Amino acid sequence: MIDASSRPPRPDSGRLPHSAHWGVFSAAWKDGALEVRPHPGDPDPNPLIENFTNALDHPARVTTPMVRRGWLERGPGPDARRGRDDYVPVSWPEALDLLAAELRRVRDQHGPQAVFGGSYGWSSAGRFHHAQSQVHRFLNTSLGGYVRSVNSYSAGASAVILPHILGGMDDVARRNVTWEQIVAHTDVVLAFGGMALKNSRVASGGISRHIERDSMRQAARRGCRFLNISPLATDLPADAAAQWIRAVPGTDVALMLALVHELVANGWHDQAFLRDFCEGWGGFEDYLMGRADGQAKDPAWAAPICGVPAEEIARIARLLPGKRVLVTVAHSLQRAEHGEQPVWMGAVLAAALGQLGLPGGGYAYALGTLAHYGKRSNAVPVASLPQGTNGVKDFIPVARIADMLLHPGEPFDYNGKRMDYPHIRLAYWAGGNPFHHHQDLKRLARAFATLDTFVVHEIGWTATARHADIVLPCTMTLEREDIGGAPTDPLLVAMHRIAAPNGLARDDYDIFTDLAERLGTREAFTEGRDSAEWLRHLYERTRAALADKGLEAPDFDQFWARGELTLPQQDDDGGILRAFRDDPAGKPLPTPSGKVQISSPTVAGFGYADCPGHPAWLAPQDAPTPAHPLFLVANQPATRLHSQLDFGAHSASQKRQGREVCTLHPADAAARGIAEGDIVRLFNQRGACLASATLSEAIMPGVAQLPTGAWYDPVRDERGEVTLCGHGNPNVLTRDVGTSSLAQGCSGQLTAVQVERHDGALPPIRAFDRPRTDDSRR
Ligand SMILES: Nc1nc2c(c(=O)[nH]1)N[C@H]1C(S)=C(S)[C@@H](COP(=O)(O)OP(=O)(O)OC[C@H]3O[C@@H](n4cnc5c(=O)[nH]c(N)nc54)[C@H](O)[C@@H]3O)O[C@H]1N2
Ligand SMILES: Nc1nc2c(c(=O)[nH]1)N[C@H]1C(S)=C(S)[C@@H](COP(=O)(O)OP(=O)(O)OC[C@H]3O[C@@H](n4cnc5c(=O)[nH]c(N)nc54)[C@H](O)[C@@H]3O)O[C@H]1N2
Ligand SMILES: [Mo]
């Protein structure tokens, strides 16, 4: 096997530009080490770029094609040994021959509708090497298609509810209120779930300037008041000078209802706006005022639910009338049971204030959760790899992966339709990590055990790779040339290659090309282009659009030599909400009534008890109990993007005793005899994990927080059963249920746990070791 640690030291090099979802940077080799520097134009650089410095040669890299021993010896078929089997290194031709034959077998015996190619995940690449696009294009052109997934783990509930009530996700989240408008106009920001800078450090495709901190600072200096409504004080930076409203997780709808109740009870709601621009206020108001069920949703009702005192709720409501108010709702609120409700209720709160469509006012769903939002859009397109046409019509909402594998042929509800889960024999993953992103990991392992074959392309030995039958080593972004760009960032980056591939790693594109060759579809997949030719081809779309506008339009070689190109941007000027406000008859919203749907006859018509026809308070099932009395917030990690480069220098530097850090309130810790730095065990009916405890007044009592992204590190008993994750992956604890019958989104943000001090032996961290290999077969 090729061992990167035996590499000769690299010679010093000049600085080369590159880009990642978490920032634009340059890299150079100096004294054998990789040195990265943020783009000089970035006012608030992201420390996540440091994760690259030790990544290229890390022992966790996959360096050789591998086949799981059980699969090699017994052939395809369901196998519970996935996740604990050995691997056999094979040559590239051997791996590709085996895989091509298996793809052909599944297609011929069961059809492409037995292949799951949803392959959810962010990977890390520019416009061309984006792994999910690559695998989709391959399956479409070479196999006739695949069962796909719809929506995302990010916005599973909002992507489905928003079109029913306001308009598409992108119109409501991306082309709406900008940070510039907030700096200039906003008086009050009600930030449900906050706007944590750790999150707006990231944007898919790249981000060259992190402006959020300075925008908040400038707005606050002008007098804008920020309210951070969240279990964590750190969800807004000190720069925003925010007031922290400690709200019990999962109860925002109750708090929002009480705020609207206060507005109505005092006659502060904008009745003209509700009459002229909205549909269905009447039925909602009956619910709000308790005319329908005898329970007014007033502050006294909400206080014991959300933990915010009634007087405090009334005080917040008094801040709002006559002010330019912006309501933001973080993605996190909808990544939970009944996640549709806070998204809808946030819009109703903004509508009751009459603020929708005003500069710096109204509703900016998801603002602050990613760097895409609150920005201007580029005035020219940045191309992406075309994916071809999928011959299979079956799909699942993305987070129903385990349900699909465990319940083939059974029905499920989705957005007014009843559909059946397809029967999947082969799953193909490139660029995602389901053992990072999915919930209830023991159940997920049972689901993957049902497959005939599980194929993964990976840069590292993630738990997903360790459950696969065929593991193909792919290059990481620093080992490829690509074009970095996002529709909301003006910088197009010539992503230069910083290092040669580690071991036998190959580009996803080249792997698929060779597979297509074996399946007789090379021309359809490649269109006769190699990677370098694709980059030129994709760049041409941007160049031509620049030339059409009469702007400077450098050719590819000039762009490549310069390293970057600044694209023109446009002000979307408030998007569809502003246009509708200015001209309600001429520019109706894309909803059934053309107006804001305070109630939705369409949603009501679906008859879902878990998603009624207007926003409502629906108590979660997965709430604390005497046995599991703490809410667990399993949010995005500050130190990496998801699970990517968890072994990276920055991510590793923030762990303690190699484990992820869990934040507890000092009172909750004291009650359990837990001190700063103790190793704790978090557990509930689904699983357990270890973490290092840190005590902080910046978290609400009754809430524990453990970020996602620590690589799943199962510790097993003598029978091979998983007893816990020794590293701190919260998805061993989270519940695998859809948000509701409407969207079936991921609900992994919140669950209920108990926490205790762990005084037993500490299992070693094995997540970053290579799996056991059987080299004897070579
Ligand atoms: N409990 C809980 N769970 C959550 C969330 C939560 O809030 N709570 N958040 C959810 C959200 S919003 C999201 S978006 C998901 C994220 O879930 P994912 O997007 O699946 O997570 P990543 O870690 O980004 O996975 C990307 C994988 O691609 C690999 N990779 C990198 N570059 C390449 C490449 O060039 N080629 C190939 N083939 N592979 C590559 C990386 O090594 C990594 O394993 O997680 C979700 N899960
Ligand atoms: N550094 C970093 N940044 C990222 C990512 C990453 O992995 N790392 N992932 C990116 C991706 S793909 C996405 S989709 C976005 C996700 O954006 P979000 O889903 O919004 O991000 P989270 O950090 O999971 O949650 C934000 C905050 O919401 C609070 N919160 C949780 N539950 C509740 C609740 O019920 N009510 C209220 N009021 N607050 C609650 C938590 O305190 C949490 O810190 O982040 C993006 N940004
Ligand atoms: Mo996400």
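Because the structure is predicted, anything quoted here is derived from the model rather than measured. (Residues numbered from 1 in each chain as written. Chains lettered and ligands numbered in written order. Predicted model: local features only at pLDDT ≥ 70, side-chain atom pairs only at ≥ 80, totals over all residues. Heavy atoms only, no water.)

## Digging into the overall build of the chain
Item 1. Summing up its helical and strand segments, the chain has 27 helices and 33 strands in all.
Item 2. Each of the three principal axes of the chain carries a C-alpha extent, and together these read 80 × 70 × 55 Å.
Item 3. Counting over 778 residues, the chain shows a buried share of 63%.
Item 4. Here the contacts in the chain between residues at least 6 apart in sequence split such that 76% fall between residues at least 24 apart. (Helix = DSSP H or I, 4+ residues; strand = E, 2+ residues; numbered from the N terminus. Buried < 20%, exposed > 50% of the residue type's maximum accessible area, 1.4 Å probe, protein only. Contact = heavy atoms within 4.5 Å.)

## Details of helix α24 (residues 575-582)
Item 1. Among all positions in α24, only Gly-575, Leu-577, Arg-578 and Phe-580 are buried.
Item 2. Residues of α24 that are buried make contact with α6 (179-185), α10 (271-277), β13 (362-363) and β25 (596-597).

## Side note on the site of ligand 2
Item 1. Lining the immediate surroundings of ligand 2 are 30 residues, of which Lys-198, Asp-235, Gly-250, Asp-252 and Ser-332 lie closest.
Item 2. At 2.8 Å, a side-chain N or O of Ser-332 approaches an oxygen atom of ligand 2.
Item 3. Here an oxygen atom of ligand 2 sits 3.1 Å away from a polar atom, N or O, in the side chain of Gln-636.
Item 4. Surface burial for ligand 2 is 99%, taken as the share of its 920 Å² of free accessible area covered by protein chains. (Near = heavy atom within 4 Å. Polar contact = N/O pair within 3.5 Å; in protein donor to acceptor, adjacent residues only side chain to side chain. Areas by Shrake-Rupley, 256 points an atom, 1.4 Å probe, with all protein chains shown as cover.)

## A word on the sheet that holds strand β21 (residues 482-486)
Item 1. Read from one edge of the open sheet, three strands run β21-β22-β23, paired in antiparallel fashion. The open sheet terminates on both sides in strands that have one partner only, identified here as β21 and β23 (564-566). Each adjacent strand pair in this sheet contributes to an overall mean axis angle of 15°, direction not counted.
Item 2. For β21 and strand β22 (residues 489-495), the ladder comprises four bridges, and the chain directions are antiparallel. The residue of β22 that forms the bridge with Ile-483 is Ala-494.
Item 3. The sheet strands contacting helix α22 (residues 531-548) are β21, β22 and β23, and the helix crosses β21 at an angle near 40°. (Pairing = 2+ DSSP bridges. Axes fitted to C-alpha atoms, helices over the stretch in contact; angles between N-to-C directions.)

## Side note on the site of ligand 1
Item 1. Neighbouring ligand 1 are 34 residues, the closest being His-437, Glu-458, Asp-508, Ser-643 and Asn-731.
Item 2. Here an oxygen atom of ligand 1 sits 2.5 Å away from a polar atom, N or O, in the side chain of Glu-458.
Item 3. Between ligand 1 and Gln-644 there is a distance of 2.8 Å, counted from an oxygen atom to a side-chain nitrogen or oxygen.
Item 4. Here ligand 1 has 920 Å² of accessible area as a free molecule, and 98% of this is covered by the chains.
Item 5. For the shell around ligand 1, the secondary-structure elements that each account for two or more residues are α17 (434-437) and β19 (453-458).

## Considerations on the pairing of strand β3 (residues 33-38)
Item 1. As judged from the six bridges shared by strand β2 (residues 23-30) and β3, these two strands associate in the antiparallel manner. In the strand pairing of β3, Trp-29 is matched with Leu-34.
Item 2. The antiparallel pairing of β2 with β3 creates a hairpin that spans two residues between the two strands, and Asp-31 there sits at a positive phi of about 50°.

## Brief notes about the sheet that holds strand β12 (residues 325-329)
Item 1. Strands sit in the order β10-β9-β8-β12-β13 across an open sheet of five strands; the sheet is parallel. In this open sheet, the two edge strands, each paired with only one partner strand, are β10 (243-245) and β13.
Item 2. Inspection of the sheet shows β12 paired to β13 by two bridges, in the parallel sense. Paired with Val-327 across the two strands is Tyr-363, which belongs to β13.

## So, the packing of helix α9 (residues 252-265) against helix α12 (residues 299-306)
How two helices pack is summed up by the angle between their axes together with the distance between the axes.
Item 1. Their axes nearest at 9 Å, the elements α9 and α12 cross at an angle of 160°. Considering the angle they form, α9 stands roughly antiparallel to α12. Crossing handedness for the pair α9 and α12: left-handed. Facing α9, whose interface residues are Ala-254, Leu-255, Leu-257, Ala-258, His-261 and Glu-262, α12 presents Pro-299, Trp-301, Ala-302, Ile-305 and Cys-306.
Item 2. Class assignment for the residues of the contact of α9 with α12 results in nine nonpolar, one polar and one charged. (Parallel < 35°, antiparallel > 145°, perpendicular 65-115°, else oblique. Left-handed = near helix turned anticlockwise from the far one by under 90°. Nonpolar A, V, L, I, M, F, W, Y, C, P; charged D, E, K, R; others polar.)

## Some details on the packing of aromatic side chains
Item 1. Evaluated as defined, the whole model comprises 34 aromatic pairs.
Item 2. Plain terms: the ring middles of Phe-647 and Trp-711 are 5.5 Å apart, the flat faces sit at 85° to each other, and that makes the pair edge-to-face. Of this pair, Phe-647 sits in the loop between β26 (630-633) and α26 (649-653) while Trp-711 sits in the loop between β30 (703-705) and β31 (714-716), and the two are 64 residues apart along the sequence. Pair check on accessibility: Phe-647 and Trp-711 agree, each one buried. (Phe/Tyr/Trp six-rings, centres within 6.5 Å; stacked < 30°, edge-to-face > 60°.)

## So, the domain arrangement of the chain
Item 1. Each assigned domain of the chain is listed with its residue range as follows: domain 1 (66-153 + 394-526), domain 2 (179-368) and domain 3 (630-757).
Item 2. Computed over C-alpha atoms only, the centres of domain 1 and domain 3 are separated by 27 Å.
Item 3. Across the contact, 30 residues belong to domain 1 and 29 residues belong to domain 3.
Item 4. When the two sides are added together, the surface that domain 1 and domain 3 hide from each other amounts to roughly 2,400 Å², 54% of it contributed by carbon and sulfur.
Item 5. Linking domain 1 with domain 3 are two salt bridges.
Item 6. A salt bridge links Asp-736 to Arg-400, with the nearest nitrogen and oxygen atoms 2.7 Å apart.
Item 7. Secondary-structure elements contributing two or more residues to the side of domain 1 that touches domain 3 are α16 (401-406), β16 (411-414), α17 and α18 (441-448). (Domains from an automatic or database assignment. Buried area = accessible area lost by both parts, 1.4 Å probe. Salt bridge = Lys/Arg side-chain N within 4 Å of Asp/Glu carboxyl O.)

## Some details on the nonpolar core
Side chains of nonpolar character tend, in soluble globular proteins, to be buried together.
Item 1. Leu-166, Leu-190, Phe-192, Phe-226, Tyr-363 and Tyr-365 are the most contacted members of the largest nonpolar core, which has 178 residues in total.
Item 2. The leading source of residues in this core is α9, at ten residues.
Item 3. In this view, Leu-166 contacts Val-172, Ala-347, Leu-356, Tyr-363, Ile-576, Leu-577, Leu-589, Pro-590, Thr-591 and Val-596; residues no more than four positions away in its chain are not counted.
Item 4. The next biggest cluster of nonpolar side chains, apart from the first, holds 51 residues, and it includes Leu-99, Phe-138, Leu-519 and Phe-559. (Core = buried A, V, L, I, M, F, W, Y, C linked by side-chain atoms within 4.5 Å.)

## Comments concerning the pattern of salt bridges
Item 1. Counted by the stated rule, this structure contains 54 salt bridges.
Item 2. Between Asp-97 and Arg-518 there is a salt bridge whose closest N-O contact spans 2.6 Å. With Asp-97 in helix α2 (residues 92-110) and Arg-518 in helix α20 (residues 508-519), the pair connects residues that are 421 residues apart, well separated along the chain.
Item 3. Judged by relative accessible area, which is 26%, Arg-518 ranks as partly exposed.

## Comments concerning the environment of Phe-273
Item 1. In this structure, Phe-273 sits in helix α10.
Item 2. C-alpha of Phe-273 to C-alpha of Leu-356: the two residues are 83 residues apart in sequence and 9.1 Å apart in space.
Item 3. Look past the residues within four positions of Phe-273 in its chain and what remains in contact with it is Cys-278, Ala-351, Gly-354, Leu-356 and Arg-581.

## A short note on the environment of Ala-704
Item 1. Position of Ala-704 relative to the elements: it lies in strand β30.
Item 2. The exposure class assigned to Ala-704 is buried, which follows from its relative accessible area of 0%.
Item 3. A C-alpha to C-alpha distance of 39 Å links Ala-704 and Ile-576, two positions 128 residues apart in sequence.
Item 4. Among all residues touching Ala-704, those that are not within four sequence positions of it are Leu-630, Phe-631, Leu-632, Val-633, Cys-662, Thr-663, Leu-664 and Ile-699.

## Focus: the pairing of β12
For a regular strand, side chains alternate in direction, first toward one face of the sheet and then toward the other.
Item 1. Most of β12 is tucked away, with five of its five residues classed as buried.
Item 2. Residues Val-325, Val-327 and Val-329 point to one face of β12 and Leu-326 and Thr-328 to the other, with burial holding for every one of them.
Item 3. Here five bridges tie strand β8 (residues 188-192) to β12, and the two strands are oriented parallel to one another. Pairing of Val-189 across the sheet is with Leu-326, part of β12.

## Quick look at unusual backbone geometry
Item 1. In the Ramachandran plot, Asp-31 falls in the positive-phi region, its phi being about 50° despite a non-glycine side chain.
Item 2. Residue placement: Asp-31 occurs in the loop between β2 and β3.
Item 3. Given a relative accessible area of 67%, Asp-31 falls into the exposed group.

## Some points on the state of the cysteines
Item 1. Enumeration over the complete set of coordinates arrives at zero disulfides.
Item 2. A disulfide-free cysteine, Cys-725 has its sulfur positioned 5.9 Å from the sulfur of Cys-689, the nearest such atom. (Disulfide = S-S within 2.5 Å.)

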